[in-house]
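Given next are the chains, with one letter for each unit.
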Amino acid sequence: LNIDPPTYERLHLRSTLWFTEDLDGDESASSPFRGLNDTSDTWVTSRVFSLYVEAESALDDSNIRVGRQRITDGVAYNRIDGLYFSTRQDKWSAYAFLGARASVYENSHNDVSTGTGISWLALPDTRVSLDLFYGDDERRRFGSSSEDDIQSRLTSLSVRHVLNEQHYLFGRATWHESELDEFRVTAQGLSLIHI
């Protein structure tokens, strides 16, 4: 469901809902046909994937979102219940978010997720990005009252260089805590051959 009020062009309401109907019966806990949808006592299960309000600035290229949302900036894709802000200037762009991790299966409102990133157009065809992420996750062990409190910090440095309209190079180094966790270099493009 997307709502764009005609009198407020810079205000948007976005939502993504998931409904599941369990039409195949009520399987016992030991049945091999029992699925995830059978864990609920209802035959209709709903999940909220996103539900947020977004406002765009009239002064510059920036926006703010409040609510349940998917954060696709940076290296750690998150779903949070919280606040997101992004802005873009001439050669710079930046974003920041703060909220609780939003799980569709369990209560995770005590798990903090926050991040920020900045991107700079260093050369006309080269963009350099730095992203920081922190997440706190209380993992509950099945059948036990004990928990593991996992705190993660990610730092990522990315470089994207456009060779031409259809080809580019991309490199990213990601550190988990203080150790290099991933190093990736890719070349991607499309070449058309006319016969």
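Criteria and thresholds
Residues numbered from 1 in each chain as written. Predicted model: local features only at pLDDT ≥ 70, side-chain atom pairs only at ≥ 80, totals over all residues. Heavy atoms only, no water. Helix = DSSP H or I, 4+ residues; strand = E, 2+ residues; numbered from the N terminus. Buried < 20%, exposed > 50% of the residue type's maximum accessible area, 1.4 Å probe, protein only. Contact = heavy atoms within 4.5 Å. Areas by Shrake-Rupley, 256 points an atom, 1.4 Å probe, with all protein chains shown as cover. Pairing = 2+ DSSP bridges. Patch = residues over 30% accessible without salt bridge, like charges linked within 9 Å, V, L, I, M, F, W, Y side chains within 5 Å. Salt bridge = Lys/Arg side-chain N within 4 Å of Asp/Glu carboxyl O. Phe/Tyr/Trp six-rings, centres within 6.5 Å; stacked < 30°, edge-to-face > 60°. Lys NZ or Arg CZ within 6 Å of the ring centre and 35° of its normal. Polar contact = N/O pair within 3.5 Å; in protein donor to acceptor, adjacent residues only side chain to side chain.

## Re the overall build of the protein
- The helix and strand inventory of the protein stands at zero helices and eleven strands.
- Starting at the N terminus and ending at the C terminus, the protein contains elements arranged as β-β-β-β-β-β-β-β-β-β-β.
- Taking all 195 residues of the protein together, the buried fraction comes to 30%.
- Nonlocal contacts in the protein, meaning residues at least 24 apart in sequence, comprise 32% of its contacts between residues at least 6 apart.
- As presented, the protein carries roughly 13500 Å² of accessible surface, and 56% of it is formed by carbon and sulfur atoms.

## Some remarks on the environment of Glu177
- Relative to the helices and strands, Glu177 is located in the loop between β10 (167–176) and β11 (179–189).
- By relative accessible area, Glu177 is classed as partly exposed at 34%.
- Between the C-alpha atom of Glu177 and that of Leu154, which follows or precedes it by 23 residues, the distance is 6.1 Å.
- Beyond its immediate sequence surroundings of up to four residues, Glu177 is in contact with Gln151, Ser152 and Arg153.

## Regarding the pairing of strand β3 (residues 44–56)
- Pairing between strand β2 (residues 11–21) and β3: eleven bridges, direction antiparallel. Of the residues in β3, the one forming a bridge with Trp18 is Arg47.
- Direction of pairing for β3 relative to strand β4 (residues 61–71): antiparallel, over a ladder of six bridges. Within β4, the residue paired with Val53 across the bridge is Val66.

## Looking at a nonpolar patch on the surface
- Residues Trp92, Ile118, Trp120, Leu130, Leu132 and Leu157 make up a contiguous nonpolar surface patch of roughly 540 Å² in combined accessible area.
- Sorting the residues of the nonpolar patch by element identifies β7 (112–123) and β8 (126–140) as the ones contributing at least two each.
- The exposure class of Trp120 is partly exposed, given its relative accessible area of 37%.

## Comments concerning the pattern of salt bridges
- Summed over the entire model, instances satisfying the criterion amount to six salt bridges.
- Two residues, Asp4 and Arg14, come together in a salt bridge whose shortest N-O distance is 3.0 Å. Taken together, the positions of Asp4 in the loop between β1 (2–3) and β2 and Arg14 in strand β2 put the pair ten residues apart, joining distant regions of the chain.
- For the salt bridge of Asp61 with Arg88, the shortest nitrogen-to-oxygen distance reads 3.8 Å. With a gap of 27 residues between them, Asp61 in strand β4 and Arg88 in strand β5 (residues 78–88) connect regions that are remote in the sequence.
- Under the relative-accessibility criterion, Asp61 is labelled partly exposed at 49%.
- Classification of Arg88 by relative accessible area gives partly exposed; the value is 45%.

## Here's the deal with the packing of aromatic side chains
- Taken as a whole, this structure holds four aromatic pairs when the rule is applied.
- Joined through ring pairs, the aromatic side chains of Tyr95, Phe97 and Phe133 make up one cluster.
- A cation sits over an aromatic face here: Arg65 above Tyr52, 5.4 Å from the ring centre.
- Taking NZ or CZ as reference, Arg65 lies 4.0 Å from the ring centre of Tyr84, over its face.

## Some points on the side chain of Arg14
- Side chain to side chain, Arg14 and Asp4 meet in a polar contact 3.0 Å long.
- Not counting residues up to four positions away in its chain, the partners in contact with Arg14 are Leu1, Asn2, Ile3, Asp4, Ser50, Leu51 and Tyr52.

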